[in-house]
2 protein chains.
Amino acid sequence: MRISTRTRYGMRLMVNLAANFKNGYSFLKDVAKSEGISQKYLSLIVIPLKAAGMLTTSRGVHGGYILSKNPSKITAREIVEALEGDLSLVECSRDEKYCIKSKNCATQDIWFGLSEKIAEFLNSFNLEELVKIQIKKKSESNDYSI
Amino acid sequence: MRISTRTRYGMRLMVNLAANFKNGYSFLKDVAKSEGISQKYLSLIVIPLKAAGMLTTSRGVHGGYILSKNPSKITAREIVEALEGDLSLVECSRDEKYCIKSKNCATQDIWFGLSEKIAEFLNSFNLEELVKIQIKKKSESNDYSI
DNA sequence: TACTTATACTATTAATTCAGTAGTATATTA
DNA sequence: TAATATACTACTGAATTAATAGTATAAGTA
């Protein structure tokens, strides 16, 4: 049970865009460089984020990416869901169609309950807060790089 | 981010053994049959559970598997940790060794925090409770099968 | 002792997923 | 029309997953 590199990169990308939200569009090239991630790979990660309505894009010389909403309106949950698919840890549902044992399966309670907890926790982070955390961490670690 | 079949099967195996705890050793054959899981596959899943000290085994004609501890003393967390490896969602640690950006990475807070929440939640289930839940579900669904 | 039965161990495999690279197409601006 | 940035499609090597298969070993029994 690991978070994929894809999702981790996507989260960093989004925090990065949130930090630069007020400056308008960002080039993927720049995000990739400052995060130390392959631009090509990021250009794939960006697709589901755009599809989920979190990113607005512009092509051409002065193009780039920008968050479609205010950073405070975008949660970690939305980002993970866009990149990782839905957050349920198991395929089976309480619907008996998927598993004959559904109606008397105690272990389902664990997996469903856990899925909910995860969604709840991720929902408690928004990009504005994450940027604040990052700024605080940077100042505490005396790291003044961009 | 899915729970592996291995872990799901292992959890069902453990709940099954917990339900039969008072009857002594269970044959894997019987567990496999009542859970509808390949016996061969279960015989592999059992190994890390035994290694983690949760199962006591006996070979030969009257052999089988039995929980090493009272069901109330075994948590879902132990089981998942034995089967899934450790519960941290990311490899990086706050130790800068693993990632140069550790000191100013806000997204780490999400992954570490989430890992803790997951461990906490899984820790709140023990096998005795799970058996009770299962019995309750069975009676509510009018399913009297073993 | 030989037979049966159940666990223990080791190897193999097909299918899928992951992390990334590569190349081309398209839109926008200068 | 040249330059630049995103958009799209395809491919690939490595790792993981969900099994299956076969053999070895231990324990009780005829």
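Residues numbered from 1 in each chain as written. Chains lettered and ligands numbered in written order. Predicted model: local features only at pLDDT ≥ 70, side-chain atom pairs only at ≥ 80, totals over all residues. Heavy atoms only, no water.

**Details of the packing of aromatic side chains**
Residue and element names in this part refer to chain A.
Right, so step 1: Scanning all chains against the criterion turns up 4 aromatic pairs over all chains.
Right, so step 2: Ring centres of Phe121 and Phe125 lie 5.3 Å apart, and the angle between their planes is 70°; on these two criteria the pair is classed as edge-to-face. Side by side, Phe121 and Phe125 carry an identical accessibility label, which is buried. (Phe/Tyr/Trp six-rings, centres within 6.5 Å; stacked < 30°, edge-to-face > 60°. Buried < 20%, exposed > 50% of the residue type's maximum accessible area, 1.4 Å probe, protein only.)

**Overview of the protein's contact with DNA strand C**
Right, so step 1: Around DNA strand C sit 27 residues in total, of which A:Thr5, A:Lys40, A:Arg59, B:Thr57 and B:Arg59 are the nearest.
Right, so step 2: In DNA strand C, the atoms that sit within 4 Å of the protein are 71% sugar and phosphate, with bases accounting for the remainder.
Right, so step 3: Residue B:Leu28 places a main-chain N or O atom 2.9 Å away from a phosphate oxygen belonging to DNA strand C.
Right, so step 4: In the environment of DNA strand C, a phosphate oxygen lies 2.9 Å from a nitrogen or oxygen atom belonging to the side chain of B:Tyr65.
Right, so step 5: When contributions to the surface near DNA strand C are tallied by element, the ones reaching two or more residues are helix H1 (5-19) and helix H3 (39-51) of chain A together with helix H2 (28-35), helix H3 (39-51), strand E1 (55-58) and strand E2 (64-67) of chain B.
Right, so step 6: The leading source of residues in the surface near DNA strand C is H3(B), at 4 residues.
Right, so step 7: Its residues assigned to classes, the surface near DNA strand C shows 9 nonpolar, 11 polar and 7 charged. (Near = heavy atom within 4 Å. Polar contact = N/O pair within 3.5 Å; in protein donor to acceptor, adjacent residues only side chain to side chain. Helix = DSSP H or I, 4+ residues; strand = E, 2+ residues; numbered from the N terminus. Nonpolar A, V, L, I, M, F, W, Y, C, P; charged D, E, K, R; others polar.)

**Remarks on the protein's contact with DNA strand D**
Right, so step 1: Neighbouring DNA strand D are 26 residues, the closest being A:Lys50, A:Arg59, B:Lys40, B:Arg59 and B:His62.
Right, so step 2: At the protein interface, 71% of the atoms of DNA strand D within 4 Å belong to sugar or phosphate.
Right, so step 3: A distance of 2.9 Å is found between a phosphate oxygen of DNA strand D and a backbone nitrogen or oxygen belonging to A:Leu28.
Right, so step 4: Here A:Gly60 contributes a backbone N or O atom positioned 3.1 Å from a sugar or linking oxygen of DNA strand D.
Right, so step 5: Breaking the surface near DNA strand D down by element, the ones donating at least two residues are helix H2 (28-35), H3, strand E1 (55-58) and strand E2 (64-67) of chain A together with helix H1 (5-19) and H3 of chain B.
Right, so step 6: Per element, the largest residue contribution to the surface near DNA strand D is 4 residues, and it comes from H3(A).
Right, so step 7: In the surface near DNA strand D, the residues fall into 8 nonpolar, 11 polar and 7 charged.

**A few points about helix H4 (residues 76-84) of chain B**
Right, so step 1: Considered for burial, the residues of H4(B) that qualify are B:Ala76, B:Ile79, B:Val80, B:Leu83 and B:Glu84. One side of H4(B) holds all its buried residues, which, seen down the axis, span an arc of 105°.
Right, so step 2: Those residues of H4(B) that are buried lie in contact with helix H5 (106-123) of chain A together with H1, H3, helix H5 (106-123) and helix H6 (127-140) of chain B.
Right, so step 3: A positive phi of about 80° marks B:Gly85, the residue just after H4(B). (Arc of directions from axis to C-beta. Contact = heavy atoms within 4.5 Å.)

**Considerations on the interface of chain B and chain A**
Right, so step 1: The partner chain A presents 44 residues to the 44 residues of chain B that form the contact.
Right, so step 2: Between chain B and chain A, roughly 4,100 Å² of surface is buried when both sides are summed, and carbon and sulfur atoms account for 67% of that area.
Right, so step 3: Area buried by chain B at its contact with chain A is led by B:Met1, B:Arg2 and B:Asn104, which between them contribute 19% of it.
Right, so step 4: Remark: the boundary between chain B and chain A carries 4 salt bridges.
Right, so step 5: At the junction of chain B with chain A, the criterion picks out 14 residue pairs in polar contact (both at pLDDT 80 or more). (Buried area = accessible area lost by both parts, 1.4 Å probe. Salt bridge = Lys/Arg side-chain N within 4 Å of Asp/Glu carboxyl O.)

Shape is all these values report; function is a separate question.
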